[in-house]
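# Descriptive structure summary
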Amino acid sequence: MIRTFRWEDYDAVAAVWAAAGADVLPRAELEPKLTRDPELFLVAAPEGIIAGTVLGTWDGRRGWIFRLAVDPAHRRKGIATSLVHELESRFEALGCPRVNLLVLPHNKAGLRFWQELGYLPAPDVLCTKPLRSQPPEK
Ligand SMILES: CC(C)(COP(=O)(O)OP(=O)(O)OC[C@H]1O[C@@H](n2cnc3c(N)ncnc32)[C@H](O)[C@@H]1OP(=O)(O)O)[C@@H](O)C(=O)NCCC(=O)NCCS
């Protein structure tokens, strides 16, 4: 049920992100990511229908998890848990010792989910800056 993303999945994955209230990553942002560690972008496709997705990245020191989303019609069936467990296995195969992720402060359900899987809040505050030499993000 869990497998690596393929480009023909893009529209269905974008629909899951949109239905889950997550920002839809444009193809142009995914392309450079998929030249690095394509095996860390996963979809859940029970019965061939894409119901969930998660995007992992590996920077050589830490794993990061982004854009976990499950279609509202398929929630509380363990799909997100299966996606994260498969991603963790793939991180471990790369030698990754720790995985980080960010949760928006208002996303109490998301935080409950992550805590259920053993991810504990850390006191760090995200700081971010766009670089002017690059085109603006959409
Ligand atoms: C969070 C999300 C990915 C969970 O997907 P899911 O497939 O329903 O999760 P699972 O079925 O694997 O849930 C595993 C456990 O997490 C906890 N959990 C999941 N959703 C929860 C919710 N809405 N409220 C409280 N706990 C929740 C429960 O303990 C659950 O086990 P249970 O169903 O036996 O009680 C999904 O609700 C979603 O897409 N939300 C919107 C996007 C989002 O918040 N993503 C995370 C961004 S950081």
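Residues numbered from 1 in each chain as written. Predicted model: local features only at pLDDT ≥ 70, side-chain atom pairs only at ≥ 80, totals over all residues. Heavy atoms only, no water.

## Overview of the environment of Ile 50
Which entries qualify depends on this criterion: A helix here means a DSSP run of H or I that spans at least four residues, while a strand means a run of E at least two residues long, and both kinds are numbered starting from the N terminus. Here, residues are in contact when the closest pair of their heavy atoms is within 4.5 Å.
Mapping Ile 50 onto the fold places it in the loop between β2 (41-44) and β3 (52-58). Put simply, Ile 50 and Val 13 are 37 residues apart on the chain and 6.9 Å apart in space, counted from C-alpha to C-alpha. Setting aside residues up to four positions removed in sequence, Ile 50 forms contacts with Arg 3, Asp 9, Ala 12, Val 13, Val 16, Val 43, Ala 44 and Ala 45.

## Describing the sheet that holds strand β5 (residues 99-101)
How we decide: Whether two strands pair comes down to DSSP finding at least two bridges between them. Note on method: axes are straight lines fitted to C-alpha atoms, helices fitted across the in-contact stretch only, with angles between N-to-C directions ranging 0 to 180 degrees.
Taken in spatial order, the 5 strands make up an open sheet running β1-β2-β3-β4-β5, and their pairing is mixed. In the strand order of this sheet, the two ends are held by β1 (2-4) and β5, each with one partner. Each strand axis lies, on average, 30 degrees off the axis of its neighbour in the sheet, ignoring direction. Strand direction decides the pairing type here: β2 and β3, joined by 4 bridges, are antiparallel.

## Some details on the side chain of Asp 37
The condition is simple: Exposed residues in this analysis have more than 50% of their type's maximum accessible area, buried residues have under 20%, and partly exposed residues fall in between, with area computed by a 1.4 Å probe over protein chains only.
The topology assignment puts Asp 37 in the loop between α2 (27-34) and β2. On the basis of relative accessibility, which here comes to 6%, the residue Asp 37 falls in the buried class. When sequence neighbours within four positions are dropped, the list of residues in contact with Asp 37 reads Gly 56, Thr 57 and Trp 58.

## Quick notes on the site of the ligand
Going by this rule: Throughout this document, a residue counts as near a molecule or strand when at least one of its heavy atoms sits within 4 Å of that molecule or strand. Counted as a polar contact is a pair of N or O atoms within 3.5 Å, where, for protein atoms, one must be capable of donating a hydrogen and the other of accepting one, and residues adjacent in sequence contribute only when both atoms are in side chains. Gly is put with the polar residues, along with every residue not named as nonpolar or charged; the nonpolar set is Ala, Val, Leu, Ile, Met, Phe, Trp, Tyr, Cys and Pro, and the charged set is Asp, Glu, Lys and Arg.
Around the ligand, the structure places 18 residues, and the nearest of them are Val 70, Arg 76, Gly 78, Thr 81 and Asn 107. Between the ligand and Lys 77, the relevant distance is 3.3 Å, taken from an oxygen atom to a main-chain nitrogen or oxygen of the residue. Here an oxygen atom of the ligand sits 2.7 Å away from a polar atom, N or O, in the side chain of Asn 107. Among the elements of the structure, β4 (63-70), α3 (79-93) and α4 (108-116) are those that each provide at least two residues to the shell around the ligand. Among the residues making up the shell around the ligand, the classes are represented as 10 nonpolar, 3 polar and 5 charged.

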